[in-house]
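Residues per chain are reported as follows:
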Amino acid sequence: QVQLVESGGGLVQPGGSLRLSCEISRSIANFYGMGWYRQAPGKRRELVATTTRTGHTDYSDSVNGRFTISVHDTKNSFYLQMDSLKPEDTAVYYCNVRDFGNTYWGQGTQVTVTS
């Protein structure tokens, strides 16, 4: 079983920054895709950012230019740097990884941007 653990969530002021981490229980080389998604209260889960083994990245329009996804292969981890946070960014953030047959999800971490 593949386990993903998010960390780094919390409360932050508008305009502030947070860095989320996703630690994977297996080598990150097993997965072709890594991503971050979020779900706000009353909203659908949405893509935030994804990256692939080939280095392709994709960001939602709402976070493009403010968030950055990055990968640290030797730590089997990847990250979401969130800058210029807005109240609309408040959500539970989930990391996931994909191999060619499955998608695996973390348990989520709460990000709250106050007022």
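Here is a short report on the structure shown in this document. All of these numbers come straight from a predicted model, not from anything done at the bench.

Quick look at the pairing of strand 4 (residues 33-39)
When you tally the buried positions in strand 4, you get six out of seven residues, the bulk of the element. In terms of strand pairing, strand 4 meets strand 5 (residues 46-52) through six bridges, oriented antiparallel. When the sheet's bridge partners are listed, Gly33 is paired in strand 5 with Thr52. Hairpin connection, strand 4 to strand 5: the antiparallel pair is bridged by six residues, and Gly42 has positive phi, about 75°. As paired elements, strand 4 and strand 9 (residues 91-98) share seven bridges and run antiparallel to each other.

As for the state of the cysteines
Here, the word disulfide means a covalent bond between the sulfur atoms of two cysteines. One pass over the structure, following the stated rule, counts one disulfide. There is a disulfide in this structure between Cys22 and Cys95, and the S-S distance comes to 2.1 Å. One disulfide, between Cys22 and Cys95, carries an S-S torsion of 60° and so falls in the right-handed class. In this pair, Cys22 is assigned in strand 3 (residues 18-24) and Cys95 in strand 9, connecting sequence segments 73 residues apart. Taken individually, Cys22 and Cys95 each receive the classification buried, so the pair is uniform in this respect.

What about the nonpolar core?
Core analysis: the largest hydrophobic core is formed by 29 residues, its most contacted members being Trp36, Phe78, Leu80, Met82 and Tyr93. If we ignore the near neighbours within four places in the chain, the residues touching Tyr93 are Glu6, Leu20, Trp36, Tyr37, Arg38, Val48, Phe67, Leu80, Met82, Gly108, Thr109 and Val111.

What to know about the pairing of strand 3
The two faces of the sheet receive side chains in turn, since in a regular strand these alternate between them. Among the seven residues that make up strand 3, five are buried, leaving the element largely enclosed by the rest of the structure. Relative to strand 3, strand 1 (residues 4-7) runs antiparallel, the two being bridged by four bridges. Within strand 3, the position partnered with Ser7 by the bridge is Ser21. Note that strand 3 and strand 8 (residues 77-82) share six bridges and pair antiparallel.

Parameters and conventions
Residues numbered from 1 in each chain as written. Predicted model: local features only at pLDDT ≥ 70, side-chain atom pairs only at ≥ 80, totals over all residues. Heavy atoms only, no water. Buried < 20%, exposed > 50% of the residue type's maximum accessible area, 1.4 Å probe, protein only. Helix = DSSP H or I, 4+ residues; strand = E, 2+ residues; numbered from the N terminus. Pairing = 2+ DSSP bridges. Disulfide = S-S within 2.5 Å. Core = buried A, V, L, I, M, F, W, Y, C linked by side-chain atoms within 4.5 Å. Contact = heavy atoms within 4.5 Å.

Everything listed here is a matter of geometry and, on its own, says nothing about what the molecule does.
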